[in-house]
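Here are the chains, one letter per residue:
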Amino acid sequence: MDHGEATTTTEPAGTSPTLGPPLVELKDVNKHFGDLHVLQDIDLTVRKGEVLVVIGPSGSGKSTLCRAINRLETIDSGEIRIDGQPLPEEGKALAKLRADVGMVFQAFNLFAHKTILENVTLGPIKVRRERTSAAKERALALLDRVGVKNQAGKMPAQLSGGQQQRVAIARALAMQPKVMLFDEPTSALDPEMINEVLDVMVALAKEGMTMIVVTHEMGFARKAANRVVFMSDGQIVEEATPEEFFTAPRSDRAKDFLSKILSH
Amino acid sequence: MGDFLSQFAELFANYDVLGAFWVNIQLTFWAAIFSLILGTVLALMRISPIASLQWAGTAYVNILRNTPLTIIMTFMFLAVWTQLQIRMSDDFATNFFRFAVIGLTVYHAAFVCEAIRSGVNTVPLGQAEAARAIGLPFLPAARLIILPQAFRGAIAPLGNTLIALLKNSTVAAAASVSTETSTLMREMIESNSDLIYAIFMTFAIGFVILVIPIGLLTTYLSNRLAVRR
């Protein structure tokens, strides 16, 4: 499961002094899907510049947590604040907040009827009201940065999964977000395409982007994360630095989970 | 055979058959445009996040879809014109033509709405989520992301609705549009009962000629414009 050449990992400290003020704050967040209590009293603070990896078995609520932060899922109780502002219920205020929160999905979700370039420029032009020429210029720079500039005129279906996901990252970055959410960004990818996406994410982390990443990629967690949060059955069971978590998990559930994903 | 052809010649000489079909084409054209607009608004209401709009859209579709078109057309004549004395035009024929277009529009908008909704169902949920995630509110997300893909997925069912609309335009007779095909056909049969087969063939073939290209075109377009995923 370990990707890349990461044998000599630099250990990021969990409470590095370089981290800024709290950017994403969750307090007593609860959510049910019918009888299933999918988020149970979640308390979590992510500071500016922090890279948080959320890990856990499927059905543990980690995707729901990620989606709740820009209100693609509503919550039953508790409070979510982004940059000090509580999440608005609906309408223009919510749309405005979402523009500041970048989201990358497991299934890429590129706009299927728009070209790669249009996918990246749509938000800046229609939401941020940027001039078309300026938006295009910046979109091309972003596509260049994620290595798919030469595909700008193609349709999403013509690109590989790895390329589509890198475009999705560029699309989110084009909005100049305060924080980026990644909901299992490499889970739908063929193995040989995972690294090209992770490389972009590692570079982004190094540049100081605040990131919340739901993933099982331990290589990414070790290389880029400040902190790992382990979720199981809707609860945060354990929080630690990546090194601590992967080498010496404290809880039985984390040990059990890690033994399952490491056993082969 | 020659005898049969001469019967057609006689009918076409004595009656304005092409003119009658032209009236149906015009009824269809205007009703198609207006029902596409109204149907799109209804579809937007039904997929909107606002419960009262969803309810209103659903109620409209269920009521209009389940009301016989003849009743709607008769309502335009008896209630709107006779009782409410609403006039769409000072010209008698234009007035009833417009009533017929309104009747056809309100009825077929319900079917257009459902055709578009079936198109919306071809658009994966992730498209709407991605649109919301970059900060697009409901209406811009619908206009820029959902509807353009939904229309492409709805071409075939919209074509079916258009075909039904063309044939249903003959019910305009119930709203006193006296120049369209079904009225003309009745007149022709009344005074030329000996030519009944020729009369029947005239209108049957006429509608086949109009309907088949619509079917071919929508099939072609729905393949051509399909969104590759």
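Residues numbered from 1 in each chain as written. Chains lettered and ligands numbered in written order. Predicted model: local features only at pLDDT ≥ 70, side-chain atom pairs only at ≥ 80, totals over all residues. Heavy atoms only, no water.

Asker: Describe in detail the interface of chain B and chain A, supporting the description with residues and values.
Answerer: Taken together, the 19 residues of chain B in the interface contact 23 residues of chain A. For the pair chain B and chain A, the summed buried surface comes to about 1,800 Å²; carbon and sulfur atoms form 66% of the total. For the pair chain B and chain A, the number of links is 1 salt bridge. For the salt bridge of Glu129 of chain B with Arg67 of chain A, the shortest nitrogen-to-oxygen distance reads 2.5 Å. Counting across the interface, chain B meets chain A through 6 residue pairs in polar contact (both at pLDDT 80 or more). Those elements that provide at least two residues to the side of chain B that touches chain A are α6 (125–133) and α7 (138–153) of chain B. Broken down by element, the side of chain B that touches chain A gets its largest block of residues, 7 residues, from α6 of chain B. Counted by class, the side of chain B that touches chain A contains 10 nonpolar, 4 polar and 5 charged residues. (Contact = heavy atoms within 4.5 Å. Buried area = accessible area lost by both parts, 1.4 Å probe. Salt bridge = Lys/Arg side-chain N within 4 Å of Asp/Glu carboxyl O. Polar contact = N/O pair within 3.5 Å; in protein donor to acceptor, adjacent residues only side chain to side chain. Helix = DSSP H or I, 4+ residues; strand = E, 2+ residues; numbered from the N terminus. Nonpolar A, V, L, I, M, F, W, Y, C, P; charged D, E, K, R; others polar.)

Asker: Residues and numbers for the pattern of salt bridges, please.
Answerer: Using the criterion set out here, one finds 19 salt bridges over all chains in the structure. Linked by salt bridges that have partners in common, Lys31, Arg67 and Glu73 of chain A together with Glu129 of chain B make up one network.

Asker: Give a detailed account of helix α5 (residues 161–173) of chain A, specifying residues and quantitative values.
Answerer: In an α-helix, one full turn covers 3.6 residues, which means residues spaced three or four apart are oriented alike. The end-to-end C-alpha separation of α5 of chain A is 18 Å, in line with the 18 Å expected for 13 residues at 1.5 Å each. For α5 of chain A, the buried fraction is high: 13 of the 13 residues fall into the buried class. (Expected span 1.5 Å × (residues − 1). Buried < 20%, exposed > 50% of the residue type's maximum accessible area, 1.4 Å probe, protein only.)

Asker: Before we move on, could you go through the packing of helix α2 (residues 17–47) of chain B against helix α9 (residues 181–191) of chain B and cite the residues and values that matter?
Answerer: Residues and elements named next belong to chain B. Between α2 and α9, whose axes approach to 8 Å, the crossing angle comes to 150°. Classed by the angle they form, the pair α2 and α9 counts as roughly antiparallel. Of the residues in α9, those in contact with Val17, Ala20, Phe21 and Asn24 of α2 are Thr181, Leu184 and Met188. Within the contact of α2 with α9, the residues separate by chemical class into 5 nonpolar, 2 polar and no charged. (Axes fitted to C-alpha atoms, helices over the stretch in contact; angles between N-to-C directions. Parallel < 35°, antiparallel > 145°, perpendicular 65-115°, else oblique.)

Asker: Describe the UniProt feature "domain: ABC transmembrane type-1" (unreviewed entry) in chain B, and please don't skip the residues or the numbers.
Answerer: Taking the numbering used here, the UniProt-annotated feature "domain: ABC transmembrane type-1" (unreviewed entry) corresponds to residues 21–218 of chain B. Annotated as 80% helix and 0% strand, the span residues 21–218 of chain B places its first and last C-alpha atoms 21 Å apart. (UniProt positions renumbered as here; feature names shortened; annotations may be inferred.)

Asker: Which residues make up the sheet that holds strand β2 (residues 36–47) of chain A, and what values do they have?
Answerer: Reading across the sheet, the 4 strands line up as β2-β1-β4-β5 (chain A) and stay open at both edges, with antiparallel pairing between neighbours. Looking along the sheet, the strands with just one partner apiece sit at the ends: β2 and β5 (85–86) of chain A. (Pairing = 2+ DSSP bridges.)

Asker: Any chance you could break down the confidence of the model for chain B for me, citing the residues and the numbers?
Answerer: For chain B, per-residue confidence averages 92 on the pLDDT scale, and residues scoring 70 or more make up 99% of the total. Reported confidences for the modelled complex are a pTM of 0.86 and an ipTM of 0.87. (pLDDT = per-residue confidence, 0-100.)

Asker: An account of the packing of α9 of chain B against helix α10 (residues 196–224) of chain B is requested, with residue identities and associated values reported.
Answerer: All names here are of chain B. In contact at an axis separation of 10 Å, α9 and α10 are set at 165° when each is read in the N-to-C sense. It follows that α9 is roughly antiparallel to α10 by the angle criterion. As α9 runs across α10, the sense of the crossing is right-handed. In contact with Thr181, Leu184, Met185, Met188 and Ile189 of α9, α10 contributes Ile196, Ile199, Phe203 and Phe207. Across the contact of α9 with α10, the residue classes break down as 8 nonpolar, 1 polar and no charged. (Left-handed = near helix turned anticlockwise from the far one by under 90°.)

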